[in-house]
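# Chain and residue survey
The primary structure of each chain is shown beneath.
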Amino acid sequence: MTILHIDSSITGDSSVSRQVSKAIVDSVAAVSGGVVIHRDLAADPLPHLTLPALAEREAVDEFLAADTIVIGAPMYNFTVPTQLKAWIDRILLAGVTFRYTATGPEGLAGGRRVIVALSRGGLYGAGSPAAGLEHVESYLRAAFGFIGIVPEFVLAEGIALGAEQREQALAGATEAALKLAA
Ligand SMILES: Cc1cc2nc3c(=O)[nH]c(=O)nc-3n(C[C@H](O)[C@H](O)[C@H](O)COP(=O)(O)O)c2cc1C
């Protein structure tokens with residue numbers, strides 16, 4: 001069992017998505033055991049995608065070697081951090097994680113579990129006034145769906161709405177992380 005733990009928050013020790021992604025990894029590892037590989041995309045960023053970089057296999061090989069991938073994904077400016085986008089640009093690779101067929105695209109990376117620790121400053125749930133501005137969960141569902149994976153989400157939202165809301169969101173996400181492994 002290999003768990004690939006990806007973090008992308010730029011906010012260091014105060015990061016909510018880092019706390020939640022770690023709680024998920026600890027929870028899954030406690031049940032399944034195995035090896036945990038941690039990639040900190042803020043400390044060690046991948047460059048923007050270029051044409052030559054399309055030939056790189058390091059990130060996608062590491063992704064494909066994992067059974068479970070846990071991703072810390074904060075909302076920055078309504079979508080994922082640019083560091084996480086650069087990693088996804090290495091993962092969605094034609095002929096490797098998906099292919100085009102006569103009947104449409106086909107995902108080739110199924111059979112893995114992807115769990116996303118998603119933190120957002122505001123509230124973007126279905127039916128809320130800002131729901132249409134949500135491009136983290138919707139984007140990650142589309143991107144992983146395209147390669148054959150239905151991602152799971154642990155949500156901490158309303159982080160910027162005050163200390164009480166922040167604590168409640170963190171407590172709820174930590175509890176949800178514990179239940180994930182069951
Ligand atoms: C650069 C930056 C941009 C942000 N943009 C948004 C945003 O568009 N919408 C929102 O609801 N919160 C936004 N926030 C708040 C974060 O989503 C929130 O603080 C979340 O906890 C960040 O995750 P982190 O604590 O792991 O860094 C932003 C925060 C930062 C630092």
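Below you will find a few notes about this structure.

Calculation rules
- Residues numbered from 1 in each chain as written.
- Predicted model: local features only at pLDDT ≥ 70, side-chain atom pairs only at ≥ 80, totals over all residues.
- Heavy atoms only, no water.
- Helix = DSSP H or I, 4+ residues; strand = E, 2+ residues; numbered from the N terminus.
- Buried < 20%, exposed > 50% of the residue type's maximum accessible area, 1.4 Å probe, protein only.
- Phe/Tyr/Trp six-rings, centres within 6.5 Å; stacked < 30°, edge-to-face > 60°.
- Expected span 1.5 Å × (residues − 1).
- Near = heavy atom within 4 Å.
- Polar contact = N/O pair within 3.5 Å; in protein donor to acceptor, adjacent residues only side chain to side chain.
- Nonpolar A, V, L, I, M, F, W, Y, C, P; charged D, E, K, R; others polar.
- Contact = heavy atoms within 4.5 Å.

The subject of this paragraph is unusual backbone geometry. One non-glycine residue with positive phi stands out, namely asparagine 77, at about 50°. Residue position: asparagine 77 is located in the loop between strand E3 (68-74) and helix H3 (82-91). Even without a glycine there, the phi angle at phenylalanine 78 is positive, about 75°. A relative accessible area of 38% places phenylalanine 78 in the partly exposed class.

This part covers the packing of aromatic side chains. Inspection of the entire model under this criterion finds five aromatic pairs. Here the aromatic rings of phenylalanine 63 and tryptophan 87 are separated by 5.9 Å at their centres, their planes lie at 80°, and the arrangement is edge-to-face. Taken as a pair, phenylalanine 63 in helix H2 (residues 58-64) and tryptophan 87 in helix H3 lie far apart in primary sequence, 24 residues in all. Summarising the burial analysis for this pair, phenylalanine 63 and tryptophan 87 share the class buried. The rings of Phe63, Trp87 and Phe144 are connected pair by pair, giving a single aromatic cluster.

Side chains of residues three or four places apart in an α-helix project in the same direction, reflecting 3.6 residues per turn. Compared with the 24 Å implied by 1.5 Å per residue over 17 residues, the 24 Å span of helix H1 (residues 16-32) between its first and last C-alpha is a close match. Of the residues flanking the end of H1, it is glycine 33, one or two places downstream, whose phi is positive at about 70°.

The full set close to the ligand counts 16 residues, and Ser9, Ser15, Ser17, Met75 and Tyr124 are the nearest of them. Contact between the ligand and serine 9: an oxygen atom at 2.6 Å from a side-chain N or O atom of the residue. Contact between the ligand and asparagine 77: a nitrogen atom at 2.9 Å from a main-chain N or O atom of the residue. Where the shell around the ligand is concerned, the elements lending two or more residues are H1 and strand E6 (113-120). Taken together, the residues of the shell around the ligand break down into seven nonpolar, eight polar and one charged.

With that settled, consider the environment of valine 35. Relative to the elements of secondary structure, valine 35 occurs in strand E2 (residues 35-40). When the C-alpha atoms of valine 35 and alanine 66 are compared, they prove to be 9.4 Å apart, with 31 residues separating the residues in sequence. Valine 35 has contacts with Met1, Thr2 and Ile3, leaving out every residue within four places of it along the chain.

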